Structures are given as structure tokens and as C-alpha cells.
Amino acid sequence: MSKNLRFKSSKLVDETYRVSFKFNDKTYYGYKGDTLASALLANDVHLVGRSFKYHRPRGIMTAGSEEPNAIIQLHDNTSRTEPNVRATEIEIYEGLVASSQNCWPSVNFDIGGINNILSPILPAGFYYKTFMWPKSFWEKYEYFIRKSAGLGKSPKEADPDIYEHKYIHCDVLIIGAGLSGIMAAKMSAKNGLKTLLVDEKSFLGGSTIYDNSEFSKINNQITSSWLEKEINEISKLENLEIKTRTSVAAFHGYNFLLARENLTDHLPINQRENKIRHRLLKIRAKKVISATGAIERPLIFDNNDRPGILLSSAIKKYIDLYGIACGENNILFTNNDTAYETAMSLVQRGIKINAIIDNREEIESKLSYELEKNNIRIFKGYTVVDTYGYKRINGLSIMQLSKDGQKVIGKKIKLSCDSLGVSGGWTPAVHLFTQSGGKLKFREDDQVFIPNKYPSDQLSIGSCNGDLSLEDITTNTVLSVKKFLNINKTDYKTFEIITGINKSKRNIWLLPSDKILGKTKSFVDYQNDATAKDIKLALREGFRSIEHVKRYTTTGMGTDQGKLGNMHALGIISETAGTKIGEHGTTTFRPPYTPLTFGTIVGRNVGEFFDIIRRTPIHDWHVANNAKFENVGQWKRAWYYPKENENMHQAVQRESKAARDYAGILDASTLGKIDIQGTDASEFLNRVYTNAWSKLAIGKCRYGLMLNEDGMVYDDGVTTRLDENHYIMTTTTGGAANVLGKLEDYLQTEWPELDVYLSSVTDHYATISVCGPHSKKIVSKVIPDLDFSDEKFPHMSFKNTKIGQIKCRVMRISFTGEQSYEINIQSNYGKSVWEKCMEEGKDFNITPYGTETMHLLRAEKGFIIVGQDTDATMTPIDLQMDWIVSKKKYDFIGKRSLYRSDTIKDDRKQLVGLLTENPKEVLEEGAQIVADITKSPIEMLGHVTSSYYSPNLNKSIALGVVKGGKKMLGQKLIIPMENKNINVTVAHPVFLDEEGERLNAKL
Amino acid sequence: MFLINCPFCGEREQSEFKAGGEAHIERPKQPTELSDDEWAEFLFMRKNIKGVQFERWNHAHGCRKWFNIARDTSNDQIKTVYKMGEKPPVE
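Note that this is a predicted model, so its numbers are computed, not measured. (Residues numbered from 1 in each chain as written. Chains lettered and ligands numbered in written order. Predicted model: local features only at pLDDT ≥ 70, side-chain atom pairs only at ≥ 80, totals over all residues. Heavy atoms only, no water.)

### With respect to the overall build of chain B
A tally of regular secondary structure across chain B gives one helix and six strands. Counted from the first residue to the last, chain B has its helices and strands arranged as β-β-β-α-β-β-β. Over its C-alpha atoms, taken along the principal directions, chain B stretches across nearly 40 × 30 × 25 Å. In chain B, which comprises 91 residues, the proportion classed as buried is 33%. Taking as baseline every contact in chain B between residues at least 6 positions apart, the subset at least 24 positions apart corresponds to 45%. Counting every atom, chain B has about 5500 Å² of accessible surface; 48% of that belongs to carbon and sulfur. Computed over 14 positive and 15 negative side-chain charges, the inter-centroid distance for chain B is 6 Å. (Helix = DSSP H or I, 4+ residues; strand = E, 2+ residues; numbered from the N terminus. Buried < 20%, exposed > 50% of the residue type's maximum accessible area, 1.4 Å probe, protein only. Contact = heavy atoms within 4.5 Å. Areas by Shrake-Rupley, 256 points an atom, 1.4 Å probe, with all protein chains shown as cover. Lys, Arg positive; Asp, Glu negative; His and termini not counted. Charge placed at Lys NZ, Arg CZ, Asp CG, Glu CD.)

### Things to note about the overall build of chain A
On a plain count of helices and strands, chain A comes out with 23 helices and 50 strands. Overall, chain A is about 115 × 70 × 55 Å in size when its C-alpha atoms are taken along their principal axes. With 1003 residues in all, chain A has 59% of them scored as buried. Contacts in chain A between residues at least 24 apart in sequence constitute 67% of all its contacts with a sequence separation of at least 6. With the model as given, the accessible surface of chain A reaches about 42200 Å², and the carbon-plus-sulfur share is 51%.

### Overview of the sheet that holds strand 38 (residues 726-731) of chain A
Residue and element names in this part refer to chain A. Spatial ordering of the open sheet is given by 36-37-38-35-39, a layout of five strands whose pairing is antiparallel. With partners counted over all chains shown, the strands left at the sheet margins are strand 36 (701-707) and strand 39 (757-760), one partner each. Averaged over all neighbouring strand pairs, the angle between strand axes comes to 25°, with direction disregarded. (Pairing = 2+ DSSP bridges. Axes fitted to C-alpha atoms, helices over the stretch in contact; angles between N-to-C directions.)

### Let's talk about the sheet that holds strand 50 (residues 981-987) of chain A
Residue and element names in this part refer to chain A. In spatial order, the strands read 46-47-48-45-50-49; together these six strands make up an open sheet with antiparallel pairing. Single-partner strands in this sheet number two, and they are strand 46 (928-929) and strand 49 (972-976). Sheet topology note: the strand 45 (residues 909-916)/strand 48 (residues 955-963) ladder contains six bridges and is antiparallel. In the strand pairing of strand 48, glutamine 910 is matched with valine 962. The strands that helix 23 (residues 851-860) touches are strand 47 (942-950) and strand 48; relative to strand 47, the one it contacts most, it runs at about 105°.

### Some words on the domain arrangement of chain A
Residue and element names in this part refer to chain A. Looking at the assigned domains, one finds that chain A contains domain 1 (1-157), domain 2 (162-294 + 428-498), domain 3 (298-424), domain 4 (517-610), domain 5 (672-857) and domain 6 (865-999). Domain 2 and domain 3 are separated by 31 Å when their C-alpha centres are compared. Facing nine residues of domain 2, the contacting portion of domain 3 comprises nine residues. In total, domain 2 and domain 3 occlude about 810 Å² of area from one another, counting both sides; carbon and sulfur atoms represent 65% of this. If you sort the residues of domain 2 by the area they bury against domain 3, Phe203, Tyr210 and Phe215 come out on top, with a joint share of 65%. Put simply, domain 2 and domain 3 have zero residue pairs in polar contact (both at pLDDT 80 or more) between them. For the side of domain 2 that touches domain 3, a count of residues per class yields five nonpolar, two polar and two charged. (Domains from an automatic or database assignment. Buried area = accessible area lost by both parts, 1.4 Å probe. Polar contact = N/O pair within 3.5 Å; in protein donor to acceptor, adjacent residues only side chain to side chain. Nonpolar A, V, L, I, M, F, W, Y, C, P; charged D, E, K, R; others polar.)

### What about the nonpolar core?
When a protein is soluble and globular, its nonpolar side chains tend to lie buried together. Residue and element names in this part refer to chain A. Residues Leu36, Leu173, Ile283, Tyr318 and Ile357 are the most contacted members of the largest nonpolar core, which totals 131 residues. The leading source of residues in this core is helix 5 (residues 179-190), at seven residues. For leucine 36, the contacting residues outside a window of four places in its chain are Phe21, Ile72, Ala87, Ile90, Ile92, Leu96 and Ala98. Within the second largest apolar cluster, 29 residues are counted, among which are Ile803, Val810, Trp834 and Cys837. (Core = buried A, V, L, I, M, F, W, Y, C linked by side-chain atoms within 4.5 Å.)

### Brief notes about the side chain of Arg506(A)
Residues and elements named next belong to chain A. Within the element layout of this structure, arginine 506 appears in the loop between strand 29 (497-498) and strand 30 (523-525). Glutamate 361 provides the closest opposite charge to the buried, salt-bridge-free arginine 506, at an N-O distance of 4.3 Å. For arginine 506, the side chain forms a polar contact with the main-chain oxygen of lysine 403, separated by 3.0 Å. Other than its neighbours up to four places away in sequence, arginine 506 contacts Asn335, Asn359, Arg360, Glu361, Leu401, Ser402, Lys403, Asp404 and Gly405. (Salt bridge = Lys/Arg side-chain N within 4 Å of Asp/Glu carboxyl O.)

### A short note on the packing of aromatic side chains
On inspection of all chains with the given rule, the structure shows 26 aromatic pairs over all chains. Plain terms: the ring middles of Tyr254(A) and Phe2(B) are 5.6 Å apart, the flat faces sit at 35° to each other, and that makes the pair tilted. Here Phe2(B) lies in the segment before strand 1 (3-6) and Tyr254(A) lies in the loop between strand 13 (246-252) and strand 14 (256-262), a pairing that spans two chains. Grouping residues by exposure puts Tyr254(A) and Phe2(B) together as buried. (Phe/Tyr/Trp six-rings, centres within 6.5 Å; stacked < 30°, edge-to-face > 60°.)

### Let's talk about the environment of Ser469(A)
Structurally, Ser469(A) can be placed in the loop between strand 28 (458-460) and helix 11 (470-485). With relative accessibility at 19%, the residue Ser469(A) sits in the buried group.

### Some points on the pairing of strand 6 (residues 78-83) of chain B
All names here are of chain B. Of the pairings in the sheet, the one linking strand 5 (residues 66-72) to strand 6 comprises five bridges and is antiparallel in character. Looking at strand 6, one finds that isoleucine 69 is bridged to valine 81. In textbook terms, the turn of a hairpin is the stretch between consecutive antiparallel strands, and for strand 5 and strand 6 this stretch comprises five residues, one of which, aspartate 76, has a positive phi near 65°.

### Comments concerning the state of the cysteines
Cysteine pairs can be covalently joined through their sulfur atoms, and such a bond is termed a disulfide. Residues and elements named next belong to chain A. Applying the stated criterion to the full structure yields zero disulfides over all chains. Free cysteine: cysteine 771, not disulfide-bonded; nearest cysteine sulfur from cysteine 837 at 12 Å. On the accessibility criterion, cysteine 837 (0% relative accessible area) is buried. (Disulfide = S-S within 2.5 Å.)

### Looking at the side chain of Arg272(A)
All names here are of chain A. The topology assignment puts arginine 272 in the loop between strand 14 and strand 15 (276-290). Buried and unpaired, arginine 272 has no salt bridge, with aspartate 265 as the nearest side chain of opposite charge at 4.1 Å. Dropping the residues within four chain positions of it, arginine 272 is found in contact with His75, Tyr93, Thr264, Asp265 and Leu267.

### Brief notes about the environment of Ala158(A)
Residue position: Ala158(A) is located in the loop between helix 4 (138-149) and strand 8 (162-175). Spatially, the C-alpha atoms of Ala158(A) and Ser79(A) are 6.0 Å apart, while their sequence positions differ by 79 residues.

Structure follows, in C-alpha cells:
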């Protein structure tokens, strides 16, 4: 690069610290303090990307988070690579690697650029209209559309960085550390309020910090110097915390805000080790002050998107803050005074300005006189009608505007330039304010939306509140902050302001051209390639709502959320539709204000911390014995224990056979356990279960079914009466927390008169279930002091006993249909008791089994699993469990619903057994059940809920729900599968030992 | 995210609470006396108004107590928090 675009001194850049980086495989140099954008501009690189739809060459347009074009892929390393990073925000560091996205094979030669030539046939809604027919082809189109539309590549490996979340509580949160934010922070902190000031930039002071002009003064000091002193002062204040590189992403109700603090993105990769990359701040502020500033508007004219076209304020920032010129032959195009400040900065640095083009016919600012003194041409009442240069602007043509601003007149004048600064005035950054639920009003004078109604204890100050002049900002900030924070004393008295600009503006949303609109490309949304023509087309096609126009044209739907062009879209809509702009409202600004990485959102909740993992006290034994695990809620449950080369089916067949022929042992610790005490405990159980509980003797167990008030089965389990007023209830593993919640709800809200207390004791006990014909011999050896005879310890009863010195409870209950004992012991003894059972059971071929075998064994007996064989539409009657519903009880939860017109219908889905014609054929769970396959559409009667191959019966068994199934016993039905139809017969759902003889079997 | 002033614990984050739907719907004392329609009225019918609505909330990750709130559904402002069994506030 022979061009010298960098000056010797600048505010932000440290010229003693050179940094090398790579962009599109080429090495460049910049300095510490540069953003990627400023460093590229210093190297005269404007072309950084291709547009989304037409693949037009695009350059850096802004100097902030509103950047629509310069979005790049950061890092080439696959685990850290990150798409859609704005080059204007990323600070360069030694070794940075970045590349353009949305172009192939390169940003200089992009094949997709053909879309630009094809653009006449790619209007708004093109994809919607074209790829709808034939409908079945969408899947084929989609592949190619997605391929050509990709915005960057996502990383394919785990993120190596660390993220965290932090809660912050403060009296006052101030968003934005520009002029008004700094003033507010000083007033707040000096009045003893705990204050947090955040800004997305690495430095404080916003755009005022480089307002170095002789024409801008506060109290006789150059504005930037005045602000520097203020910043020095506040940095010493005790109750003020300042966070830079911290952008507020979301402003929710009740002054709850999310902000991302960026801690390492500006450091070389090798300095990031073991450091937290981003911190998501969850801020609760008593009061919030938004000082988010304003974003300069572009102007909408033909070919307004070429590389080299920037916002005029961005050009000023690159000069005054980074010491970089964006071109050597500049033109500024404006409708207000802002561009004259930029012009002054250019003049002060001795950079050529070819011309200034101003929409206004009369200009009164001091600056314009000053510029004319410097022999700078100002075309008053003119507009740009076209620009030239494909990969970099090299010229433009202008014409005079008619009096009404609707047409261009006179002769076309051509001017050369390598950089064009545009200014369409300012748009207050009200995004966060509207996110919080704030309502806007439209100010006709200068065509801006400003905050109107605050939904919470908050205030907007400075230019985000529509105060766009130095005078308004300083004066109004003091007044409104004093009132808002209820404070009397501040250091600020009156302000003497000198400024070179005034407020006049000539607002024309869509500038006229000598060409017809259809022949122009006047971009409104740069990132999504939405043009003024597209918006007008949408209106012609009948779209009226701004929200519909947005979706049809995709205006404002890019990663920049239309920060630049949304207002123009609104303006063009209202002009075309002949309505007032305020009537349309705005589209909704949604969080996040700037994109967040997933890492930031997830924080530390990754890997094993993603969700809570609950392990039983016997877990280590299962691991040591090769168990495979399944997740049941948050629990890790042993699923099956494969031996040598066994697959799951083989292991489950072996375990199931052993449990019926010899003995099986199951870790049932995950079952929910609720301790119920109180004088009304029996009455309480009467009301929550469908069956009767008052007469259950002490020391006895009973199975209970719990319904919802709508009569549908909610949970089940065995409850044991430990004492007169003391029960222990077991619930399903997954339902434990909800059952406790539901019972508490009834106790607190419906039946507060009942004397009942509930405690969850799930984690307090380990539960070991030993079942099978040899189970009695095994538990007798483990607990030799206890009499296990059927007379003393019958089925469905319980004993308090001890193993050594340790108290335990033994229940004789069964979920397998076998003789079965459940030992409940304090959790920390669980593993040693389990091991003891294994040891004593060795001679009886005791076999550990997991949840899969448990499910198989209970299915042989036709026992339901709530949530597998039921969903929220099954009553006990549907389940053929009429026997458990008390006819005598006056009331229980859900009783009245059991005879609603809907629940007594005969053709409800009912639980039945299913036997396949071929006993070797095992059905798929979830498969549909039908009767008649000749008629189309085929009527679906139900589905298979549980299905297994039973090694004890040597055949396939299944449970399913079938419409009117109870009356179909013996009937043939069909399970249609992808490549065959399986014939089944409806059977009784109990397949094995219907009489229950095995419960008391004697060997 | 709301801040809810639990009547037993004080102000806490919404994430500690569980919403329980419309308040002041009492379970009928004699369900068997009711017609299908009357029972359905209790079982299914809930208001969904724009404005102040009375709601049940449970401090699920705190004291586990149920209580009521009056919330304006149009702006999520919680007007009052009151205990179970207390009468709803009159505007």
C-alpha cells in the first residue's frame, strides 16, 4: 500500500504497538486499539463482503454495532470459528484471522454475483412465489437455496472458551457512557446511589470524546476536553462501577436486564487460556437510565451500497478517533448539518473534499461558511442520482431537486470520488426502551420516534431521547436526571455551549432519480438486500401492516435488525400508502440488541453441568458391574447389565428369566418417597387415592392410583401405614416432585383444615428390591433376626427391623408378580446392603436387573407404567382397573369426572393385551393399530404402548390402547408397518399367573 | 422476569415460583350433586382477561407456600400479594 491513510496521532490507537493480522489470507498491519474495520480501512481495504441475495460487493459502512455489511467469519481454527462478527466491533490482536462470508470462491470474484444481473427476476417474495410449485419439490429446492444463502460457518467442535453468569443488583443502571451517560453517572454516584455504568465500547465518552473541533465548546473548553475531565472525575467515585466492552442485550420487565461483558475477545489467543471469555450479567436495577445515543441514517438513492460509501459520522470517527482517512477524494452527501462536522475534520487533516451535496436549498450553519472559505464546493438543493464503480466507488452523478423534492431537474453533473459520506439525520436508539415495553411517539419536526411512556422505573436521556444538540443534551440531562433520581444538588449549573451546527433538515425518505424506480437499486436494508422498489411492490401487492411488509421483503430481518434502514422503510410505506408515519408504529425490536453467542447464554451449564444428574447410593456398584444407564428424569438408572458380548436384548432376556426362575435384584432407590404424618393422614389418603384407606391396618401396604380432577390417571404407587398417623407413600420416579407439589396444593388451598404434614424423603433411603422364588431365602440370610414366614410376614405388609445396628424397613410388595421384598435403609448404607444381598444370593443365582427387565416383567403381569401405558387421557376404567375405584367413597380427586358424558363413552381408548399371530414377532412401541385397511383414510383405533419378547412365556407380548378395546377380546386387528402388516389378536392384559400364585410360591 | 413479593419470604425472582392459574376457584364441596355442566364449569372454565387478574402462585423453590397475587396482564404489574384464604382486594 503506497497510500498514506493513517495520521501520526490519534486518540485511541497506540502506534508503538504494531499488530499483524490476516484477512482473506493476506497479512496486514494495524495498531493496538484498531478495530478490524479501522485497520482494513487504513490499508485501503473497503470491499469486505458480498450481499445476501444479489452478492453485490459491499464495504464497511459504519463504525459501530449497527454495521450491516462488514460481517465476517472470525478465526480459521474450527473450534473457535465464529460467523457474523461485525468488523467494526472486533478489536484487532496479534494473529487475528478473519475472512469474508457469503461469497464463493472469493470476495473479489463471487459466482453468486450473477444474481445481481438476474435481479430483475428476483423481486421481493421471489422465493415464496417461485418455489411453491410443485409443493413436493420444496425439499429439493431448499438444499440449493440454503447452500447459496449461507451466512457464515458455525464451529464444528466444542467451544474451548469459558463463559459465566453473574447477578448484579444496583440502585441505578446507566446504559451508554456517552456525554449524557457520563453526566448521569456523576449525578447518581455523587448522591450516594450504587451506580453501574456500562458501555459496549472499549473506551468511555461515546462520540463526544472525539469532538475536538474549535466550533464545539462546553463552558469555554473544547467539548472533548471538557468530557475527559468529567470522566477523570467519575472514575474516582466510590459507588460507581464502570464496565466497558459490555453491551446490554435485553431489557425485560421489572428492570431486569441482560448484558454481555466481553473480557478476552481483544486479546491474542495465547493470552486467553483459563480466562473467562464472556460474562452474562443478569442485572436487577431499581432504576434504569438509557443513554444509548442515536444512529446516523443513510440516504436512499440508486446504488447507495457500493464499497467506499459510509455514514458521514463513521468517516469522522475513523479520522478523529482512529486517525484514518477512508479515502483521498471525498464527497459528502447530506440533508442536515452533521456532515459539515465531518467535513471540518477532513479539512483539519488536509484531506481532499471534492464536494458537498446537500438536499437543502439554504444552509445557515457556521461550518458551511467556514468550508466555503476553504473553497469547498457545496451543491445546495441537489441529490445524488447514481454512483459508479463496482468494487469501490469511483464517482457519482448529481441533479437538482425540484421544489417539492419529488423529482430531479436540470442537467446531470458527474463528480469523481473514492469515498462518499452520507448523512440522513439521526435515529434515536430506542431499541432497549421498546424491548422493555415502552411506547414511542413520532416527532414530526425531524421525523424521529422518541420515548413516550415508560413501563417501569426508567428514563431515557441524551440523543436516544431525541435530544440531538449539545445544548439540549446537557441541559435536559441535568433536569430530567435530577427529577428522576429525586436529587437536589449537582455540580452542574448552567452550560455555555458553542456549536457549529443547527437543527435544520430536509427529510426525503426515498430520493428521486432520473430513472424509473423499477430500474434503480436503492437499498433500504443492506444486509438483506431489500430495496425501495421491493417495499413499494409489497404495498402494490396489498400488504399494509408494517409487520407483514417486513416479513415479505425481509427488511430489518438481518443480524443487524435493520438498525440503519428501518425508519426509511416506514417512511416509504407511509408516503406510498398516503398515511402518517406515526400511525404505523414500528416493527418490534426483539432481544438481543446485538447477537450473543450460545456460550454466553449457556454459561457454565455445559457438559455434566447442563442439567442436574441424580445418582443412587448404589450407582458405583452398577458402574463397576458394567451397567448401561438410562435417564429417568434427572436420575441415572441402571438399564441392563450386559455380560461379555451380550447385546441389550440378550441381557434383558437373561435377566428376566433369572428373576422368575431364581432371584433378581433391582435398585429402586429412585422411586419417589413422601413421608405423611398427622391425625388426618388416613382421611387425606382417602381423598387423594381412588380406593379406600381408612381401614388399612398398621403394618400393611396398599397400591393406590391417583387421578387428576379431570379423572385421568396421574400417578401410582404403594403406600404403607407405618403407624396410626404415619404413612410412607411411594410415587413414580419421574412424578415424585409433581405429586408432592399437587398434594401440598390441596392441603394448603382446598383442605387447610386437615392436620397433615408432607416431607420428601426420596434421597434419604436406598431401596433394594429382591424378587423371585429364592428371594425369601436370600433376605432371610441378609436379615437373620427377622421372621420371613408367610404367616408372620405376608404379601403387602411391612416390618421395622435392623441390619446389624442400622434400622431399616422391609416391605413385601411386588412389581414383578414374583415373591418380592423391598429393603429401605438409610442411603449411605445402601451399597453395602446391596453387596450383602449379592453375596448371600450367589448360591441362588441372584441376578441384578435394570429398568428394561423391570418393564418386561411387569408387562407380563399387565401392570401399567404411568406415562408409558397412560397419557393424560386415560381413566382407571379405560385401564380396566375398575377394581381400584371405590364405589363407596363420597368423594376423591377426580371422582366426579369418572361419570361425565365423555368419560363413560364405550368407544374410549382402552388398555388391552395384544398377541401377534407369529409369536416371534415383536411389535414396535408407538405403532398404530387399525382394523380395516381397505378403506382410505384408514381409521386409527389406537397404538402400542408396551411391547416385549417374553422369555418366560416364549412369545411376544404387548399392551396397547384401542378404541372400545374392552369389548374386542379375541378380535383380530392389524398393525400396519412400513413394509408389512402384522396381524394381532386382542387379549386380556395379564399374560402370566393371573391368579397371583407366584407371590406365595414355595420351592 | 417478575419480582414477586412472597408473603412469607419477601421479594424473590420469578424463577423461584410456579404459576397455578386463576385464583378463587373453590373445589365444590359436593361434586356428586353437580350436573356435568356445573362440574365442567369448575373443571375447565378459566378467565383470560386484559387487566387485573387474580392468580395463584407457589413459591416452589422457596417456602413451598401457595398464595395469591393480583396482576395486570397488560403490563405485568403486580398490584397486591395476599395469602390463601384472604379475600381478593377490591380495586
